[in-house]
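Read off the chains here:
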Amino acid sequence: MDATASTTANVPAGTRARSRLDGLDGIRGLAALFVVLHHCRLLSFPGFPADTGPWWASWLLYGHFAVVLFIALSGFSLAVSPARSGWRLGGVRRFAQRRAWRILPPYWAALAFSLLVAWLAVPQPGEAVPTGKTVVVYGLLLQDVFGSPSPNGALWSIAIEAQLYLVFPLLLLMVRRLGAWAMVALVAVVVVAVGVAAPLVPAVGLLMRLTPQFAVLFAAGVLAAGVVRARVRAPLHWLAALAGAPVLVLIAVRGSTWTVSNLFWVDLALAPAAALLLAAVAQGRPRPLVRLLDSRPVRTLGSFSYSLYLVHAPIVVALAHFVVSPHVAPGVGRLLVLLAVAVPASVLFARAFAAVFELPFQRHRSGPALRAALREWWARRGQSRSGQSRYGRSRYGRLGRRAPSAPEPVEEPPAATS
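Since the model is a prediction, treat every value here as computed from it, not as a measurement.

What counts, and at which threshold
- Residues numbered from 1 in each chain as written.
- Predicted model: local features only at pLDDT ≥ 70, side-chain atom pairs only at ≥ 80, totals over all residues.
- Heavy atoms only, no water.
- Salt bridge = Lys/Arg side-chain N within 4 Å of Asp/Glu carboxyl O.
- Helix = DSSP H or I, 4+ residues; strand = E, 2+ residues; numbered from the N terminus.
- Buried < 20%, exposed > 50% of the residue type's maximum accessible area, 1.4 Å probe, protein only.
- Patch = residues over 30% accessible without salt bridge, like charges linked within 9 Å, V, L, I, M, F, W, Y side chains within 5 Å.
- Areas by Shrake-Rupley, 256 points an atom, 1.4 Å probe, with all protein chains shown as cover.
- Lys, Arg positive; Asp, Glu negative; His and termini not counted.
- Charge placed at Lys NZ, Arg CZ, Asp CG, Glu CD.
- Expected span 1.5 Å × (residues − 1).
- Axes fitted to C-alpha atoms, helices over the stretch in contact; angles between N-to-C directions.
- Parallel < 35°, antiparallel > 145°, perpendicular 65-115°, else oblique.
- Left-handed = near helix turned anticlockwise from the far one by under 90°.
- Contact = heavy atoms within 4.5 Å.
- Nonpolar A, V, L, I, M, F, W, Y, C, P; charged D, E, K, R; others polar.

**Focus: the pattern of salt bridges**
Enumeration over the complete set of coordinates arrives at four salt bridges. Between D25 and R28 there is a salt bridge, with its nearest N and O atoms 3.9 Å apart. Placement of both D25 and R28 in helix α2 (residues 24-42) is noted, with a separation of three residues, approximately one turn of the helix. Here R28 falls in the buried class, since its relative accessible area comes to 1%. Between R41 and D51 there is a salt bridge whose closest N-O contact spans 3.0 Å. Within this pair, whereas R41 is found in helix α2, its partner D51 is found in the loop between α2 and α3 (64-84), the two being separated by 10 residues in sequence. Accessibility expressed as a relative area gives 1% for R41, which makes it buried.

Following this line, the structure appears as C-alpha cells:
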C-alpha cells in the first residue's frame, strides 16, 4: 500500500531528483483511486461477485487487481536499491525498523479511525460491530490469520504485505545465490504446489487465507527491478500487453463470478504482465502513459495514496449509508451520486490524514528526527505568536519539510492495497 516510492537510496543527494523513476507514484495514485471507485460500485449494485450493473460499469468490479499491481510494485520498489548494491539489503534490522516506521503509524491511525466509525456510526457491510478481538488482531496485523469483524474492508492486504516484508531478505539471499529468475521460479513452484494441494489437503488449504499467490507477484516485482538495473533493451510495454491480453480476454469472457472464484490462478497469470509493465514504466515506456502518470495531479494523488487506501472505506460506507442510500435507490443513479460525493470526500480527507499521520513519518526517518522537527515547528509557531517577523521563519520549520543538512531517501510506503 506505499504512496511515494523513491528508488534513490544509494544516489547522491544532488542527483536524487533526476534519478527518481518517473511514473511509479502515479501508478499508486490511480490504483488507489480505482479501489475507491470499486467500493462505490459494490455499494450501488447488489449481488457481488455477480455483475448486476450496466456493462459500462463492469470494470469497476475488479478492484482486487489494483492489489495485484500494488504487491508487484512493492517488491519492485523495495528491490531497486538492493539491485544497485549487489542485491544486498544493508541490514535486516535497519530494514525492519524503517518499514515499521513507515507503515505502522498511518496504519494504526487509520485503524483507530475505522473502529470509531464502526462503533459510533456504521460498521462495514456484511460485518458485525468490531470487538476487542478485532482491536488485537488488526492491531498486530494478523487479520489474515485470525477471523474477527472487520472495521475496514481495505485493511486485509496490509497484513499480507507486512508478511512479505518478512520474507524479502530471504528473497534477496536467493537472488544472490541462485539468480533472480531462479528465485522467482522457485517461489512460483512452491506457490503453485500449494494451490494444487489446497483442495485435497485441508491443512494446506488453510494457507490459502494468506493469499500465497501474492508471494509470486512480490517476487516478480523484485525480478523487474533487476531487469531495470540491467538496462534490458526490449519493448517491455508491448511484452506486458502480450502477457496481459489473454488473461483480460478470459476475464471478460468468463465474467466476474468465475474470476472471483479463481483469483488465485488469475493473479498468478497476471504476474508477468504486472512485472513487465512496472519495468517498462520505470524505463519511460510507453511515453504517453509515463507523461500521464508523472503529471502533477496524478503524482500528487500518488503521494498520499497509502492514506487514501487506508481511510476511504469507512468514509464511502458512511456516506452511502447516511447520505446517499436513504434518497437514491440501488442502481446507476446511486453509483453516480456516490461517486460524486464519496470520491472527493475520500481524497480530501486522505490528504489531510496524510499530512498528520503519513508524510511526517515519511520525511523524518526516525523518532529523534521527527521530535526535532516538532520542536522547531513549535518554536517557530511561538515566535510568530510573540510578534516576531514571520519573514524570518525558516522554510524548513514545517513538519512536512526537512532541512538539507542531513539528506535521507524517502522511504517507499506500503503498496496501498485494496
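**So, a positive patch on the surface**
A contiguous patch of positive charge, built from R229, R231, R233, R285, R287 and R291, is present on the exposed surface. In this structure, R231 sits in the loop between α9 (213-229) and α10 (236-261). A relative accessible area of 59% places R231 in the exposed class.

**A look at α2**
The end-to-end C-alpha distance of α2, which contains 19 residues, comes to 27 Å, matching closely the 27 Å that a straight helix rising 1.5 Å per residue would cover. Extensive coverage of α2 is indicated by the burial of 16 of its 19 residues.

**Notes on the packing of helix α14 (residues 305-324) against helix α15 (residues 332-357)**
It is the contact of α14 with α15, at a shortest axis distance of 8 Å, that shows an interaxial angle of 140°. In terms of orientation, α14 lies oblique with respect to α15. Once α14 is placed against α15, the crossing between them reads as right-handed. Between α14, through S307, L308, V311, H312, I315, V316, L319, A320 and V324, and α15, the contact on the second element is made entirely by R334, V337, L338, V341, A342, A345, S346, V347, F349, A350, F353 and A354. For the contact of α14 with α15, a count of residues per class yields 17 nonpolar, three polar and one charged.

**Here's the deal with the packing of α9 against helix α11 (residues 263-282)**
Running from N to C, α9 and α11 point in directions that differ by 20°, and their axes come no closer than 9 Å. On the basis of the axis angle, α9 is roughly parallel to α11. Considering the relative orientation of α9 and α11, their crossing is right-handed. Residues Q213, F214, V216, L217, A220, A224, V227 and V228 of α9 form the contact with α11, whose own contacting residues are L263, F264, D267, L268, A271, A275, A279 and A282. When the residues that make up the contact of α9 with α11 are grouped by side-chain class, the tally is 14 nonpolar, one polar and one charged.

These results come straight from atomic positions and should not be treated as a statement about function.
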